[in-house]
Amino acid sequence: MMDLRELYQDIILDHGRRPRNFRVLEHPTHLAKGHNPLCGDRVTVYLALDGDRIADVSFDGRGCAISTAAASLMTEVLKGKTVAEAQALFARFHAEVTGGDPPAVPDSLADDAERLEPLIGVKAYPMRVKCATLPWHAFEAALKGGLAGDPVKTE
Amino acid sequence: MIDGRALRREFPVFEHNPGLVFLDSGASAQKPRAVIDGIAEFYRGDYANVHRGVYKLSARSTDLFEEARVAVRDFLNAADECEIVFVRGATEGINLVSYSWGGAFLRAGDEVVISDVEHHSNLVPWQMACQRAGAKLVVAPTDETGEFDLGAFEALLSRRTRMVAVTHVSNVTGTVLPVENIVRLAHEVGAKVLIDGCQAVPRMPVDVQAIDCDFYVFSGHKAYGPTGTGVLYGRRDVLEAMPPWQAGGGMITSVEYAGTEFQEPPHRFEAGTPDIAGAVGLRLAIGFIEGIGRGAIQEHEAALTDYGVDVLSRIPDLRLVPGGQRRLSILSFNLDGVHPHDVGTVLDQHEVAVRVGHHCAQPLMDRLGVAGTVRASFGIYNDRDDIDRLAAAVEACREMFSR
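Keep in mind it's a predicted model, so treat the numbers as computed, not measured.

### What to know about the sheet that holds strand β2 (residues 84–87) of chain B
All names here are of chain B.
So, point 1. Read from one edge to the other, the open sheet built from seven strands follows the order β2-β8-β7-β6-β5-β3-β4, with strand pairing classed as mixed. The outermost strands of the open sheet, each flanked by one partner alone, are β2 and β4 (136–140). Averaged over all adjacent pairs, the angle separating strand axes in this sheet is 20°, with direction ignored.
So, point 2. As defined by bridge partners, strand β5 (residues 161–167) adjoins strand β6 (residues 192–196) across five bridges and the pair is classed as parallel. Each bridged residue has a counterpart across the sheet, and for Thr167 the counterpart in β6 is Asp196.
So, point 3. Across the sheet, helix α4 (residues 56–76) touches β2, β7 (215–219) and β8 (230–234), and the angle it forms with β2 is around 115°.

And the structure:
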């Protein structure tokens, strides 16, 4: 059994307690809600796209330390990225936490991929993987649906 | 006095998972060797379909199946074994009543009263039955101490009340509801009463005639029996007035294309081949419980509950969900600033198995103003040491999240 400290690293606890970009965006261009019916966690991800670039991104809702930290770290790395870059980061992150074969990301994104690494410990806890991916799925749904994005559910 | 640790030897799961602190019997109880081995033995030596064959093996299987019904009758102190319907679980029992009785007797303008601590399985079937009939779902409150508010309940009753469906013991707060008083008040206005006995049956004596309810349901798997088994008790005259719910083999006396004659209860409500081995296993579970004695079990678990309240109350930042004046075997709590799922993961790392989340009682979570809770629930194999281990793990969690 792995050490819990690898799941609840200081950076996770810090972002879980003091999430960054935890606010409603005034004028989002895209938003979507995510819901985990198993635990009742809810997250709303807000995006302000400027052309192809993510000018601003934020979230609100309630969740466990893992989902809150995942959302917080996600917003930090996504700000300023192009949509294609964001999708590449998600594809890599998703593969890493679900035990897949993580696709390589361009060197320009290597630092951002590394910033998400503290969350990868979640893959040893199958019941908790969805906590880490929920905000990303909401982000993806927001990209797809604009302001009328379909809510995403983990179940 | 029950020695939980000694009883653990009867449960192979603890041999296979040494060090496990199992505090989730409220979700499902572990199985004693007598049940596990007895089911295998039945399949080896006595199994055939029931109520069908003219051969000896089928007769023996049928006898064992029907003897299980008699054992359940005695277990609940029902007046007659025809009042015992085998179902897949309490959920199916409630659905059976909500469709069959609800379809026949619920009308537009009628009211169904439930409590605000119901499991979704004693809430959603009634919500749906009310929608079908144009009836109204009315919710009777518990007070801020977690106690069922009999005065408020009485004020909600009227001639429009057709059904009162309440739990015997809350699966979230552990509150024991005053079912005898609830039944008396409901009967005064002519309403029927269904009691969800899932959390009560494994841990306290239950006498359906003394309670005087019209229906009583429980799940076998929470009472040390196999999954997929459950019981609907229905008073004979009430069951006899109800139409079939599911149709199929075994529930008819004659079938023609022009129409079908149905069996009397209980077989009217048991379409298809039943879970024969499940019924045999349930009977063994009942035998196991009765061998220890429900009075002794109640005493044991009440003492554990008191000890748990005492120990958990000493932990800073821990908020215990109130459980009224009488609370049995279930303790729900939250740790300030820590999400229940994070608590659950930390506890699991300490080999302490608890349930976290909404416990299939979302409206109650909304009322308590929480996303979920951590719930520890006890069984006969638990002892004080388990509660000390729980408290130590909760302390470790608190320290981790306050660093």
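### Concerning the environment of Ala353(B)
Residue and element names in this part refer to chain B.
So, point 1. Tracing the backbone through its elements, the reader meets Ala353 in strand β13 (residues 352–353).
So, point 2. Ala353 gets classed as partly exposed once you count the C-beta atoms within 10 Å, which come to 18.
So, point 3. As for Ala353 and Ser377, which are separated by 24 residues in sequence, their C-alpha atoms are 9.8 Å apart.
So, point 4. Excluding its chain neighbours within four sequence positions, the residues that come into contact with Ala353 are Leu20, Val21, Phe22, Leu23, Asp24 and Asp348.

### Comments concerning the interface of chain B and chain A
So, point 1. Contacts between the two partners involve 13 residues from chain B, matched on the other side by 15 residues from chain A.
So, point 2. Secondary structure elements with two or more residues in the side of chain B that touches chain A: α13 (340–349) and α15 (384–401) of chain B.
So, point 3. For the side of chain B that touches chain A, the element with the most residues is α13(B), which contributes five residues.
So, point 4. Residues that form the side of chain B that touches chain A fall into these classes: five nonpolar, seven polar and one charged.

### Topic: the pairing of β4(B)
So, point 1. Pairing of strand β3 (residues 111–115) of chain B with β4(B) involves five bridges; the strand directions are parallel. Directly across from Val112(B), in β4(B), lies its bridge partner Leu137(B).

### A closer look at the packing of α4(B) against helix α11 (residues 276–292) of chain B
Residue and element names in this part refer to chain B.
So, point 1. Between α4 and α11, the least distance of the axes is 9 Å, while the angle of their chain directions is 40°. With respect to α11, the axis of α4 lies oblique. The interaxial crossing formed by α4 with α11 has left-handed handedness. In this structure, α4 uses Ser61, Leu64, Phe65, Glu67, Ala68, Ala71, Val72 and Phe75 to contact α11, whose residues at the interface are Ile276, Ala279, Val280, Leu282, Arg283 and Ile286.
So, point 2. Looking at the contact of α4 with α11 residue by residue, the class counts come to 11 nonpolar, one polar and two charged.

### As for the domain arrangement of chain B
All names here are of chain B.
So, point 1. Domain parsing of chain B yields domain 1 (4–30 + 293–401) and domain 2 (36–290).
So, point 2. Here the C-alpha centroids of domain 1 and domain 2 sit 28 Å apart.
So, point 3. With 31 residues of domain 1 in contact, the opposing surface of domain 2 contributes 29 residues.
So, point 4. Elements supplying a minimum of two residues to the side of domain 1 that touches domain 2: α12 (294–313), β12 (330–335), α14 (362–368) and β15 (373–377).
So, point 5. At six residues, the largest contribution of residues to the side of domain 1 that touches domain 2 is made by α12.
So, point 6. Tallied by class, the residues present in the side of domain 1 that touches domain 2 amount to 12 nonpolar, 13 polar and six charged.

Calculation rules
Residues numbered from 1 in each chain as written. Chains lettered and ligands numbered in written order. Predicted model: local features only at pLDDT ≥ 70, side-chain atom pairs only at ≥ 80, totals over all residues. Pairing = 2+ DSSP bridges. Helix = DSSP H or I, 4+ residues; strand = E, 2+ residues; numbered from the N terminus. Axes fitted to C-alpha atoms, helices over the stretch in contact; angles between N-to-C directions. Contact = placed C-beta atoms within 7 Å. Buried ≥ 20, exposed ≤ 12 C-beta atoms within 10 Å, placed from the backbone. Nonpolar A, V, L, I, M, F, W, Y, C, P; charged D, E, K, R; others polar. Parallel < 35°, antiparallel > 145°, perpendicular 65-115°, else oblique. Left-handed = near helix turned anticlockwise from the far one by under 90°. Domains from an automatic or database assignment.

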